[in-house]
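Given next are the chains, with one letter for each unit.
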Amino acid sequence: MPARRTSSRPPTAALAAAVSLLLGCSLLAAVPAAAAPGDPAPDGPGRKSTWTEADKTGFGTARSRRSNVWFTLQRGRVSEVFYPDLSTPSVRSLELIVTDGATFTDRESVRMRPSTARPDARSLRFEQVGGRAGRYRLTKQIATDPRRDSLVLRVRLRSLDGRRYKLFVRYDPALTNNGMDDRAWTAGRTLVASDGQVATTLRATPRFGARSNGFVGRASDGWRDLRTDHALDRRHRSAGPGNVVQTARVSRVDGLRGRQRATITLGFGRRPAAARAAAAVSSRSGWASVQRRYDRGWHRYLASLRRVPRTAARVRREYLASALVLAAAEDKLNPGAVVASPSAPWVWGDEVPDLSSPSGAYHLVWSRDSYEFGSAMWAMGDRAAARRIVDWLFRVQQKPDGSFPQNSDVTGKPVWSELQLDEVALPIVLARLTGKTDAATYQGVKRAADFLASFRDEETGRAAPYSPQERWENQSGYSPNSIAAQIAGLVCAADIARRNGDAASAARWLRLADSWAAQVKDWTVTTTGPLSTRPYFLRLTKNGQPDTASPYQMGDGGPVQIDQRRVVDPSFLALTRWGILPPDDPDVVSSLPVVDRELKVSTPNGPFWRRFSFDGYGETRDGGQWTITDPGTFTTLGRGWPILTGERGEQEVAAGRDASAYLATVAAAANSGDMISEQVWDGRPPTGRACCSAGEGTRAATPLVWSHGVLVRLAWSMQLGRPADQQAVVAQRYLR
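Draft legend 1. Highlighting a positive patch on the surface. On the surface, Arg66, Arg147, Arg292, Arg296 and Arg300 cluster together into a patch of positive charge. Positionally, Arg300 belongs in helix H6 (residues 287–303).

See the structure below:
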């Protein structure tokens, strides 16, 4: 932590300045005086720190494990940057400002409305282009240095009217997942920030000119200063602790010929010296070298995979983007830990104590999601990554009793505390899929299978397959999806047990799996429900008796009490995908039109499905953000999910039908940067001012890594003519 800087002026000069201020105070009372360059910013700690919205248009990192920096893009700017791991955002935003110095000042996220694209379909390098019509164009390329912990921006400011413009950088650090305890200061021509655990250094080529440190939203904030009179008047050598912000002008860039290009480098380190070194070396390397190495790393990665399947020929670009996103979402310090999303949607980004502060939620690892990622990676040919996921799950995340936490950070530290039995079963299924049947892995598999076999819920006294939470994480009961995962898990565990000479455990687990498979319909298919005269699967039953009402509270602002027979979801398709029921099973067939009538969303991009009846996890009717609401308010509405379109496509594959329309629909949900959201806007009236176009991503988590995983896996399911993660050891047992 740097020592506090003081003025170097001699006492007489300081006295003269004080007298001058006293004599002129009556004239200047209404005008804030510009601070001397040596003064610390006086108006901390700044506005409350929050994270940017989750509708990211870009997500990238170098393929190299030597660079532990990940970036996101949102509203034309660099938004959250993660360092040193994917559970730790350390930057809120880094954006550019352009002014003519007299009449206007534009900021990327406020006025420029830049577009985002990937210039190279085989790389996670991004380009953003924005500006002011007829005045200037601002082009920015973004990558990380594969050889060190640095983010690098290549910028071009081009004047369109022959006038000179000024280019500024505004940097808002939020180091170590906390934006309220940072310090910032000027060191020569660079800007340094630190919270004692992580440090950054911001530098530019050409070098910075005028520069300042301040507090977000206060008079010392460079953006507020520039917006007032189009000049950086308030220049503070330091600021903090608090929600600090750093602003600097890039010298010798004015948009005219020969003065258009700059390189902005943000270096990271545990200490300021390390951050300064990273930024300096990356800056000396030059953009051309960084870009070449960055692209080459991703090109080589894609070349190591199986060729893009012919089934994905029409969505090749989005298939490649999905493969890259899957790989990029794996932590580098903790191999095998893959996060759900590098974003913090809605209230999760608002830094609410005990809910979203520090940021977590989607920056965490779920074993269920890990299964989805691992099965997609296995299908596309990254078998080493799929096996790393298995190793991490059993060696790092698994708890001593054999269960798995609801989620954890990338180091395996549990965060949320609920139990979901599909999350206990699916690591076993992934181990069997990837051939991880060795003795060391079997130790973890046996603990997990024994946990399932002996589980009894403390609150209700009900034994497995009753689960305290199903895959949507807000209800307990007998879920067909959770039961399918548990059956597949026990069958796979039995096969691994036999390979390790444990015939007794194998026989015991198979008896239990067969019993559950025989009873799954008794627990979850209603014949008396109000939604159809034919039998249909329910989302879940509370009591294992699907022909009874057994009302329960929905959560997320939904009904206070709802007949369990009125709530459906498409998750029962796991029974056909994993080979427990045939795709033409009469109860499956009669359930599909019920699900379509209740949950299907038709959009210009194709069909999507909502998660379940009365789902409230999504934006408000007019596009406002989701937040926790009281039961019965119906304030928020769950929207369509691309992953459910993918899973419906896998059902079509299992049934021997063409699923290409479903693959095209998932791909069409991608935004301009090829990122696929968790949800798409469904346009239900009354929409007011809708947040998005129908069939395109909302401000839910973007990219959702699961959405990209289901696109890849569906393409390979179509290529193989069966669900890509269906294992013969299960299907041959129940479909013969």
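Here the narrative resumes.
Draft legend 2. Quick look at the sheet that holds strand E17 (residues 261–269). With antiparallel pairing, the nine strands of this open sheet are ordered in space as E6-E7-E8-E9-E17-E13-E12-E11-E15. Edge positions in the sheet fall to strand E6 (115–117) and strand E15 (238–242), since each has one partner strand and no second. Geometrically, the sheet is characterised by an average inter-axis angle of 15° between neighbouring strands, direction not taken into account. Pairing of strand E7 (residues 126–132) with strand E8 (residues 136–144), which is carried by seven bridges, proceeds in the antiparallel orientation.

Draft legend 3. Representation of the packing of aromatic side chains within the structure. Taken as a whole and assessed by the stated rule, the structure comprises 21 aromatic pairs. Taking the centre distance of 6.0 Å and the plane angle of 40° together, the rings of Phe104 and Tyr165 count as tilted. Pair noted here: Phe104 is in the loop between strand E4 (89–99) and strand E5 (105–107) and Tyr165 is in the loop between strand E9 (150–159) and strand E10 (166–173), with a separation of 61 residues, a long-range link. As far as the burial class goes, Phe104 and Tyr165 line up, both buried. Consider the rings of Trp472 and Trp706, whose centres lie 6.5 Å apart with planes at 25°: the pair is stacked. Remark: Trp706 occurs in helix H18 (residues 705–720) and Trp472 occurs in the loop between helix H11 (439–454) and helix H12 (480–499); sequence separation between them is 234 residues. In this arrangement the basic side chain of Arg132 is found over the ring face of Phe104, its NZ or CZ atom lying 4.1 Å from the centre.

Draft legend 4. Examining helix H16 (residues 642–654) more closely. Over its 13 residues, H16 extends 19 Å from the first C-alpha to the last, a length consistent with the 18 Å expected when each residue adds 1.5 Å. Here H16 lies mainly inside the structure; 12 of its 13 residues are buried. Taken together, the buried residues of H16 touch helix H14 (574–577), helix H15 (586–599), strand E21 (606–609), helix H17 (660–668) and H18. Phi for Gly656, located one or two positions after H16, is positive at around 80°.

Draft legend 5. Up close: the pattern of salt bridges. Under the criterion given, the structure shown has 46 salt bridges. With a closest N to O distance of 2.9 Å, Asp615 and Arg611 form a salt bridge. Of the residues examined, Asp615 reaches a relative accessible area of 5% and is grouped as buried. Among the ionic contacts, a cluster of salt bridges with common partners joins Glu372, Arg471, Arg577, Glu647, Glu650, Arg713 and Asp725.

Draft legend 6. Focus on the packing of helix H8 (residues 367–380) against helix H10 (residues 421–433). Where H8 contacts H10, the axes come no closer than 8 Å and their chain directions differ by 20°. Regarding the angle of H8 to H10, the classification is roughly parallel. Relative to H10, the crossing made by H8 is left-handed. From H8, Ser367, Arg368, Ser370, Tyr371, Gly374, Ser375 and Trp378 reach across to H10, where they touch Asp422, Glu423, Leu426, Pro427, Val429, Leu430 and Leu433. Partitioning the contact of H8 with H10 into residue classes produces seven nonpolar, four polar and three charged.

Draft legend 7. Looking closely at the layout of surface pockets. Considered as a void within the structure, the largest pocket measures approximately 1,100 Å³ in volume. Lining of the largest pocket is provided by 49 residues; of these, Gln406, Trp416, Gln469, Glu473 and Asn474 occupy positions nearest its centre. Its residues assigned to classes, the lining of the largest pocket shows 23 nonpolar, 11 polar and 15 charged. Estimates place the volume of the second largest pocket at around 810 Å³. Considering the residues around the second largest pocket, the lining is formed by 32 residues, among which Asp55, Thr57, Arg75, Cys691 and Arg699 are closest to the centre. Of the residues forming the lining of the second largest pocket, the biggest block, three residues, is contributed by helix H3 (residues 108–112).

Draft legend 8. The arrangement of the side chain of Gln141 in detail. With respect to the element layout, Gln141 can be found in strand E8. Taking relative accessible area as the criterion, Gln141 reaches 17% and is therefore assigned buried. Within polar-contact distance, the side chain of Gln141 engages the side chain of Arg125 at 2.4 Å. What Gln141 contacts, discounting residues up to four positions off in sequence, is Pro119, Arg125, Phe126, Glu127, Val152, Leu153, Arg154, Trp287 and Gln291.

Draft legend 9. Just helix H13 (residues 503–524), in detail. If you check H13, its first and last C-alpha atoms are 31 Å apart, about what 22 residues at 1.5 Å a residue would give, namely 32 Å. Remark: the principal bend of H13, roughly 40°, maps to Ala518. Of the residues making up H13, those classed as buried are Ser505, Ala506, Trp509, Leu510, Ala513, Trp516, Ala517, Val520, Trp523 and Thr524.

Draft legend 10. Just empty space enclosed by the protein, in detail. Counted under the stated rule, the structure contains three cavities of 30 Å³ or more. The computed volume of the largest cavity comes to approximately 80 Å³. Lining the largest cavity are 13 residues, and of these Leu573, Ala574, Arg577, Glu647 and Glu650 lie nearest its centre. Looking at the lining of the largest cavity, the element that brings in the most residues is H16, giving four residues. For the second largest cavity, the calculated volume is near 50 Å³. In terms of lining, the second largest cavity is formed by Arg368, Glu372, Asp422, Leu426, Arg471, Asn481, Ala485, Ala574, Arg577, Trp578 and Glu647. Secondary-structure elements contributing two or more residues to the lining of the second largest cavity are H8, H10, H12 and H14. Of the residues belonging to the lining of the second largest cavity, the class tally is four nonpolar, one polar and six charged.

Parameters and conventions
- Residues numbered from 1 in each chain as written.
- Predicted model: local features only at pLDDT ≥ 70, side-chain atom pairs only at ≥ 80, totals over all residues.
- Heavy atoms only, no water.
- Patch = residues over 30% accessible without salt bridge, like charges linked within 9 Å, V, L, I, M, F, W, Y side chains within 5 Å.
- Areas by Shrake-Rupley, 256 points an atom, 1.4 Å probe, with all protein chains shown as cover.
- Salt bridge = Lys/Arg side-chain N within 4 Å of Asp/Glu carboxyl O.
- Lys, Arg positive; Asp, Glu negative; His and termini not counted.
- Charge placed at Lys NZ, Arg CZ, Asp CG, Glu CD.
- Helix = DSSP H or I, 4+ residues; strand = E, 2+ residues; numbered from the N terminus.
- Pairing = 2+ DSSP bridges.
- Axes fitted to C-alpha atoms, helices over the stretch in contact; angles between N-to-C directions.
- Phe/Tyr/Trp six-rings, centres within 6.5 Å; stacked < 30°, edge-to-face > 60°.
- Buried < 20%, exposed > 50% of the residue type's maximum accessible area, 1.4 Å probe, protein only.
- Lys NZ or Arg CZ within 6 Å of the ring centre and 35° of its normal.
- Expected span 1.5 Å × (residues − 1).
- Contact = heavy atoms within 4.5 Å.
- Parallel < 35°, antiparallel > 145°, perpendicular 65-115°, else oblique.
- Left-handed = near helix turned anticlockwise from the far one by under 90°.
- Nonpolar A, V, L, I, M, F, W, Y, C, P; charged D, E, K, R; others polar.
- 1 Å grid on protein atoms, 1.4 Å probe; cavity = no way out; pocket = protein on both sides within 12 Å on 5 of 7 lines; lining within 4 Å.
- Points joined across faces, edges and corners; volume = space filled by probe spheres on them.
- Polar contact = N/O pair within 3.5 Å; in protein donor to acceptor, adjacent residues only side chain to side chain.
- Bend = angle between axes of the 7 residues up to and from the residue.

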